[in-house]
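Letter by letter, the chains look like this.
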Amino acid sequence: NESVKKVITNFFPAFVSRGVVQISAFIDSIIASLIGSGAVAVVACAQTIYTLPVSLFGMAVTAAELPAMSSATGSREEIASTLRMRLEKSLVRIAFFIVPSAAAFFAFGDIITAALYMTGRFDSTGVFFVWLTLGGASVGLLASTFARLVSSAFYALHDTKTPFRFALIRVITAAGLSFVFSVKVPPLLGLDSVYGTAGLTLASGIAGWVEFYLLKRSLVSVIGEFHVEKMLMFKLWSAALAGIACGWGVKIILGFYTHFHPAINALLILGVFGSIYILLLFMMNNNESKAIIGRLKYLIGL
């Protein structure tokens with residue numbers, strides 16, 4: 001049956017390119033075992049956190065967009081125009097959620113980690129190293145989620161081989177850089193081997209940007225130029241930085257009240273961070289923040 005043959009032929013390339021984040025995380029775990037005692041646990045804890053926004057925001061938007069992109073009809077120019085429109089709209093939606101996620105991992109990774117894990121024998125040292133690892137992961141968070149959406153555009157064009165090829169490049173690049181950054185570099189700098197976990201996720205982030213660049217360049221040659229407006233990205237990062245400043249203010253104040261549970265600290269600090277981010281973008285007339293505030297007003301009956 002031709003349909004069955006098509007599914008079987010497309011399955012493996014789609015499996016690798018769609019799950020490249022998880023495959024890279026699996027390889028990171030293997031390399032982490034070469035770093036030293038405790039590194040595997042640190043990487044595993046960090047992976048649980050940093051793959052969440054990829055799945056929750058990046059994959060969710062991507063899965064929702066694939067049917068719409070696949071249903072585009074008309075001439076080649078009309079299909080290309082539809083894909084560009086949907087890509088730009090979805091990239092904006094993904095960026096709205098991923099930018100503050102990356103910023104929070106970098107600035108408040110210790111708060112997030114403590115709220116989730118700091119019980120029993122998981123002490124402040126473990127929190128610190130997971131925070132470092134999250135900081136490395138934040139570098140490639142945006143690229144990883146953008147790349148998943150661009151891969152779906154190729155699927156809509158019935159091309160599973162191109163994303164597969166670039167996913168392989170990402171995995172190979174990440175593995176090579178991860179080994180160097182995590183196993184070789186820390187001893188050269190006179191650091192404890194556990195610091196290599198940050199190099200591990202940093203290398204994966206760099207490989208994520210390589211994959212996204214290759215995917216975008218290839219897709220642009222097919223459907224034409226698409227992008228997220230630089231001014232929008234400036235607004236998103238500006239709002240995130242303002243949220244970080246306010247969140248750090250709360251963090252400093254809470255530092256005088258160490259009896260609070262880490263989960264309460266996280267609720268207060270991240271709550272301020274997220275609220276400032278959304279409110280500032282609302283004042284900048286951002287559609288995503290307007291939609292969120294509109295839903296909140298509806299829920300509370302305003």
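Structural data are supplied above this passage.
Notes on the structure follow. (Residues numbered from 1 in each chain as written. Predicted model: local features only at pLDDT ≥ 70, side-chain atom pairs only at ≥ 80, totals over all residues. Heavy atoms only, no water.)

### Quick word on the packing of helix 1 (residues 2–18) against helix 7 (residues 161–188)
The contact between helix 1 and helix 7 brings their axes to 8 Å, and the two run at 45 degrees. Put simply, helix 1 runs oblique to helix 7. Helix 1 and helix 7 meet at a crossing whose hand is left-handed. Of the residues in helix 7, those touching helix 1 at F12, P13, V16 and S17 are P163, F164, A167 and L168. Its residues assigned to classes, the contact of helix 1 with helix 7 comprises 7 nonpolar, 1 polar and no charged. (Axes fitted to C-alpha atoms, helices over the stretch in contact; angles between N-to-C directions. Helix = DSSP H or I, 4+ residues; strand = E, 2+ residues; numbered from the N terminus. Parallel < 35°, antiparallel > 145°, perpendicular 65-115°, else oblique. Left-handed = near helix turned anticlockwise from the far one by under 90°. Contact = heavy atoms within 4.5 Å. Nonpolar A, V, L, I, M, F, W, Y, C, P; charged D, E, K, R; others polar.)

### Observations concerning the environment of L280
Secondary-structure assignment places L280 in helix 10 (residues 262–283). A residue is classified by how much of its surface remains accessible, and L280, at 26% relative accessible area, is partly exposed. Apart from the residues within four sequence positions on either side, L280 is in contact with A239 and A242. (Buried < 20%, exposed > 50% of the residue type's maximum accessible area, 1.4 Å probe, protein only.)

### Section: the packing of aromatic side chains
Taken as a whole and assessed by the stated rule, the structure comprises 13 aromatic pairs. Aromatic pair F12 and F164: ring centres 5.7 Å apart, planes at 65 degrees, arrangement edge-to-face. On the criterion of sequence distance, the pair formed by F12 in helix 1 and F164 in helix 7 is long-range, its members being 152 residues apart. Judged by its relative accessible area of 48%, F12 is partly exposed. With a centroid separation of 6.1 Å and 75 degrees between ring planes, the pair formed by W209 and F212 is classed as edge-to-face. Here F212 and W209 lie together in helix 8 (residues 196–223), a separation of 3 residues that amounts to about one turn. Judged by relative accessible area, which is 11%, F212 ranks as buried. Following the ring pairs from residue to residue traces out a cluster consisting of F57, F96, F97 and Y277. Positioned over the ring face of F166 is R165, at 5.1 Å from the centre of the ring. Above the face of the W248 ring, K251 is positioned so that its terminal group lies 4.0 Å from the ring centre. (Phe/Tyr/Trp six-rings, centres within 6.5 Å; stacked < 30°, edge-to-face > 60°. Lys NZ or Arg CZ within 6 Å of the ring centre and 35° of its normal.)

### Topic: the nonpolar core
L87, F146, L219, L236 and Y277 are the most contacted members of the largest nonpolar core, which totals 67 residues. With 17 residues, the top contributor of residues to this core is helix 4 (residues 76–117). Once residues within four sequence positions are removed from consideration, L219 is found in contact with L87, V150, A153, F154, L157, G224 and F226. Judged by nonpolar contacts, the second largest core, of 7 residues, contains I35, A39, V43 and V183. (Core = buried A, V, L, I, M, F, W, Y, C linked by side-chain atoms within 4.5 Å.)

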